[in-house]
Amino acid sequence: RRPHPLAGTRWRMTLDIGREKNTWMPPQWAASGRRMEVPMLCAFRENGTLDVRIGPYLDMDVEGGTWSVDEGSNKLRFHVEVGGFERFDVSLPKGRLYFLCSAWGNVLSEKNNVLTIRATRFLVRRENRMVGTFRVAQETEADPSLPPCRTYLSPGSSSSGGYGQEFFDDDL
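To start, this report covers the structure provided alongside it. Starting from 1, residues in each chain are numbered consecutively following that chain's sequence as written. Confidence filtering applies because this is a predicted model: local features only for residues at pLDDT of at least 70, side-chain atom pairs given and counted only at 80 or more, and all residues used for totals across whole chains, interfaces and linings. Side-chain measures were taken over the full set of non-hydrogen atoms in the model, leaving aside hydrogen atoms and water.

### Examining the environment of Val 38
What counts is decided by this rule: Per the convention used, a helix needs a DSSP run of H or I reaching at least four residues, while a strand needs a run of E reaching at least two, with both numbered from the N terminus. Any pair of residues with heavy atoms lying within 4.5 Å of one another is described as a contacting pair.
Of note, Val 38 is situated in strand β2 (residues 34-44). Each residue touching Val 38, except ones within four places of it in the same chain, is listed here: Met 13, Thr 14, Leu 15, Ile 17, Ile 54, Leu 58 and Cys 149.

### Here's the deal with a nonpolar patch on the surface
Stated formally: Nonpolar side chains (Val, Leu, Ile, Met, Phe, Trp, Tyr) within 5 Å and like charges within 9 Å form the patches, drawn only from residues with over 30% relative accessible area and no salt bridge. Surface accessibility in these figures is a Shrake-Rupley result with a 1.4 Å probe; residues are shielded only by whichever protein chains are displayed. Salt bridges are identified by distance alone: a Lys or Arg side-chain nitrogen within 4 Å of an Asp or Glu carboxyl oxygen. Per-residue accessibility, obtained with a 1.4 Å probe over protein chains only, is compared with the maximum for each type, and a residue is labelled buried under 20%, exposed over 50%, and partly exposed between these values.
The grouping of Phe 122, Leu 123 and Val 124 at the surface amounts to a nonpolar patch, some 440 Å² of accessible area in total. Within the fold, Val 124 resides in the loop between β11 (113-121) and β12 (125-138). Look at Val 124 and you get exposed, because its relative accessible area is 70%.

### Regarding the nonpolar core
This is how the line gets drawn: Nonpolar core, defined: a set of buried Ala, Val, Leu, Ile, Met, Phe, Trp, Tyr and Cys residues in which side-chain atoms within 4.5 Å join the residues together.
Met 13, Leu 15, Ile 17, Leu 76, Phe 78 and Leu 97 are the most contacted members of the largest nonpolar core, which totals 40 residues. The element that contributes the greatest number of residues to this core is β2, accounting for 5 residues.

### A word on the pairing of β2
Keep this limit in mind: If DSSP finds at least two bridges between two strands, the strands pair.
The buried fraction of β2 is high, at 11 of 11 residues. Taking every second residue as pointing to the same face, both faces of β2 are buried, with Arg 34, Met 36, Val 38, Met 40, Cys 42 and Phe 44 on one and Arg 35, Glu 37, Pro 39, Leu 41 and Ala 43 on the other. Bridge analysis of strand β1 (residues 10-17) against β2 gives 8 bridges, and the strand direction is antiparallel. Of the residues in β2, the one forming a bridge with Leu 15 is Val 38.

### Comments concerning the state of the cysteines
Filter applied, for reference: Only a pair of cysteine sulfur atoms within 2.5 Å counts as a disulfide in this structure description.
Enumeration according to the criterion identifies 0 disulfides in this entry. Lacking any disulfide linkage, Cys 42 is separated from the closest cysteine sulfur, that of Cys 101, by 9.8 Å. Here Cys 42 falls in the buried class, since its relative accessible area comes to 0%.

Okay, structure coming up:
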């Protein structure tokens, strides 16, 4: 069997974690309009595993996961293991962070891709909850640097919390 065209490629991803329309996250989660932007470098290996690293200034462990492409629907699904984080009212629990985007051979959809977690409601119901989106661009540099993770307020947010429209975590 021939390896998938994504095998051996590297992608620069920008995770945009925060409240999304129609999410099933609790009402207080990211209600301020704050969002967390996390740069990530992701390498797709031939054996279906991922190597990942994130930008500086976010105290969150990230480990590789697995990936697969559903050829019938052209959907790339993958996950990474995260150690969790909490910044203001934006947080991720420890566990798997799931990614979904369209893939046509070695071309990925650049934006409007979905980030989810799995959570339990009413002690028994397992559900996927949307926690953000991500953008992708193919990485060609041998040893790229990643910009710092940052917190910002989404445009049109009703609460500025005393901060400007954008601020870096190392400014706090």
